[in-house]
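Chain and residue survey
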Amino acid sequence: MNHIIKLPDWVANRIAAGEVVERPASIVKELVENSIDANATYIEIILKNGGKEFIQITDDGEGMSSEDVLMSIQRHATSKIHDADDLESITTMGFRGEALPSIASVSSTEIVSRQIKSDIGFKVLIDNGEIIEQYEAGAPKGTTVTVSGLFDKIPARKRFLKSDKSELSRCSLWITRLALANPGISFKVESDERETFYTPATGTYLERIEQIFGSEFAEQLLPIEYNSTEYTIYGFVGDRTLHRARATDQYFFLNSRAIKSALISAASKRAFFNFIPPRRYLVAFIFIECPPEFVDVNVHPAKIEVRFRREESVFGAVYRAISNAIGTKPSPAAQPSPQFDITPPIDSQPMRLDFPQPKRKSPGVKIRPNSTLAGQQLGTLVNQIIDSTREQQYSLDTSQPKFLQIMNTYIVTATLDGVLLLDQHAAHERVLYEKVVESLEQESSFGQRLLFPFDVFLPTHWMPTLMQFIKDFANVGFEIEIISNDKVKILSVPSFVRNQDYGALLMDIMREISEGGRMPEITKSFAASIACHSAIKAGQMLTQEDMESLFDALFACDDPLHCPHGRPTVIKFTTAQLEKMFARHL
């Protein structure tokens, strides 16, 4: 058995760094929080290659003396706490004394700082945990920390970093969170010598939200407020029309600290349960204030997660705050549809689809990798469905409809040996998905120029992702011009996208693909997202011609039995199955 030894400091520091410094965004978060603790009113962030090559944070805060600069790079050295009792009353962003030494142990770090009462500043250079130089230097009031060569001497860690634009997007997201929590501070971000984010200091949270997300977005927010003996809740939630497919636009803050909380998310979801459609998420900016002793912020190395002393009180306070704001009458969008209503509403208008007459492909050539059917089996099944349906349909009385739409969502058609049931959204999604993929492969645009192009405001942390995919957008017909750091102009849209809110469509697509991972996966996500948000929806009325065109287009696809997300597009009930369900075999 090996003897137990004490790890050298440089090894221990790199292990500790693994808990705090996961990627460039971790460094940005920790250093900006230090600037906030230093009472800065202006914070500038400069990034190169998504922060992988270069990060520089400059503030106009209180600055540090030479002694404090040198002490700041020692592990567990902090000015925020002095004994164990102080852990019960933490009011600052940083307090562990781990950020700077952890960052300095895995990079080349330069710290320059000057206090307002001093005539000269102090500079120290650290290379992967070792102090190289230290000397007095001229400097403006405040602190500048420069980090370069992240993980250069730890290649295993460096290989786990994603693309420059993906890392930049993560940095931008954290800057957005910190800017939302601190509207009284000006933030400026420069990426690869281009200004990508600027928010001057403002007086209110709503004004800061408007700076980042745009005025149209801010106009759809409802203020919330609730006070109890333990907690104060305030902020904003989207109205009943402003909801998302994912929880990406939910921002939670505790005593001005950005946090992630399943508890708060669950409380907000419960409050909106009867007001938005299923599987949708409300937009929320929720700020919670409470005495420090009511919460433990020391449960996560990066202080992202917290533990409330009385979780039921927090849940109830958030629930009541939102419930008071949205009222009590459910939104029509959240009401379930009648289960057996096959008659469209009187004011319902059919939706005309413009499907090209497809040229029949050889089925079963391209099969989903996780499909349970082999290619030959899938091809055989598809051919059987098409042949039996065609024979049955053309033997019917032509005066009778070939297709029946149920609940304006499902399409029913007869075959020689049973019945087919199509999900119109999933089917159209599959058709569009293969069309988008083909366009991306051929780099062919089939967009329609808009007579009146219009502007769309996007969150600044989405811009790196948009720039990454702007050529792909053009290849499928979306011609987009970047106007500023938070605004774009839509010049053309795909030919299959008609009579939609193009701004909302672009927002939905960007929201989905901005969470993608490495290039192969995010490219598939892009195509699937375009298809999903452009396809006809459940509840839309179709004509006989529309349903027949959709049927033909679906079975001209390489994989007509599944939507891009793996859900079935069609379900077949055979005559034998129907007879068994109705007990006709007895």
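Please read these numbers as outputs of a predicted model, since none were measured by experiment.

**Considerations on the confidence of the model for the chain**
Counting all residues, the mean pLDDT for the chain is 77, and 75% of those residues have values of 70 or more. Segment residues 80-90: pLDDT under 50, and 17 contacts once partners within four positions in sequence are set aside and those in other chains are kept. Low pLDDT, under 50, characterises residues 393-398; the stretch is placed with five contacts to residues that sit more than four places away or in other chains.

**Description of the nonpolar core**
In terms of nonpolar packing, the biggest core is built from 57 residues, with V32, I43, I45, I111 and F285 touching the most fellow members. No other element matches the eight residues that helix α6 (residues 164-181) contributes to this core. For V32, the contacting residues outside a window of four places in its chain are I43, I45, I57, L178 and F187. With 32 residues, the next largest nonpolar core counts L450, L458, A527 and A528 among its residues.

**Some points on unusual backbone geometry**
The phi dihedral of D192 is positive, around 50 degrees, even though this residue is not glycine. Overall, the relative accessible area of 44% leaves D192 in the partly exposed class. In the Ramachandran plot, N255 falls in the positive-phi region, its phi being about 50 degrees despite a non-glycine side chain. Among the secondary structure elements, N255 is positioned in the loop between β12 (250-254) and β13 (257-259).

**Considering the pairing of β12**
When you tally the buried positions in β12, you get five out of five residues, the bulk of the element. Alternating positions in β12 separate into two faces, Q250, F252 and L254 on one and Y251 and F253 on the other, with burial throughout. Sheet topology note: the β12/strand β15 (residues 284-289) ladder contains five bridges and is parallel. In the sheet register, L254 faces β15, and the bridge partner there is I288. Strand direction decides the pairing type here: β12 and β13, joined by three bridges, are antiparallel. Residue L254 lies in a different strand from β13, and its bridge partner there is R257. Hairpin connection, β12 to β13: the antiparallel pair is bridged by two residues, and N255 has positive phi, about 50 degrees.

**Overview of the side chain of H243**
Along the chain, H243 falls in strand β11 (residues 243-244). On the accessibility criterion, H243 (14% relative accessible area) is buried. Apart from the residues lying within four places of it in its own chain, the contact partners of H243 are I276, P277, R280, Y281 and L282.

**A short note on the pattern of salt bridges**
Taken as a whole and judged by the stated rule, the model has 17 salt bridges. We note a salt bridge from E167 to R23, for which the minimum N-O separation is 3.0 Å. Of the two residues, E167 is situated in helix α6 and R23 in the loop between α1 (9-20) and α2 (24-37); the sequence distance between them amounts to 144 residues. Taken as a pair, E167 and R23 share a single burial class, namely buried. When salt bridges that share partners are traced, they join E22, R23 and E167 into one network.

Definitions and limits used
- Residues numbered from 1 in each chain as written.
- Predicted model: local features only at pLDDT ≥ 70, side-chain atom pairs only at ≥ 80, totals over all residues.
- Heavy atoms only, no water.
- pLDDT = per-residue confidence, 0-100.
- Contact = heavy atoms within 4.5 Å.
- Core = buried A, V, L, I, M, F, W, Y, C linked by side-chain atoms within 4.5 Å.
- Buried < 20%, exposed > 50% of the residue type's maximum accessible area, 1.4 Å probe, protein only.
- Helix = DSSP H or I, 4+ residues; strand = E, 2+ residues; numbered from the N terminus.
- Pairing = 2+ DSSP bridges.
- Salt bridge = Lys/Arg side-chain N within 4 Å of Asp/Glu carboxyl O.

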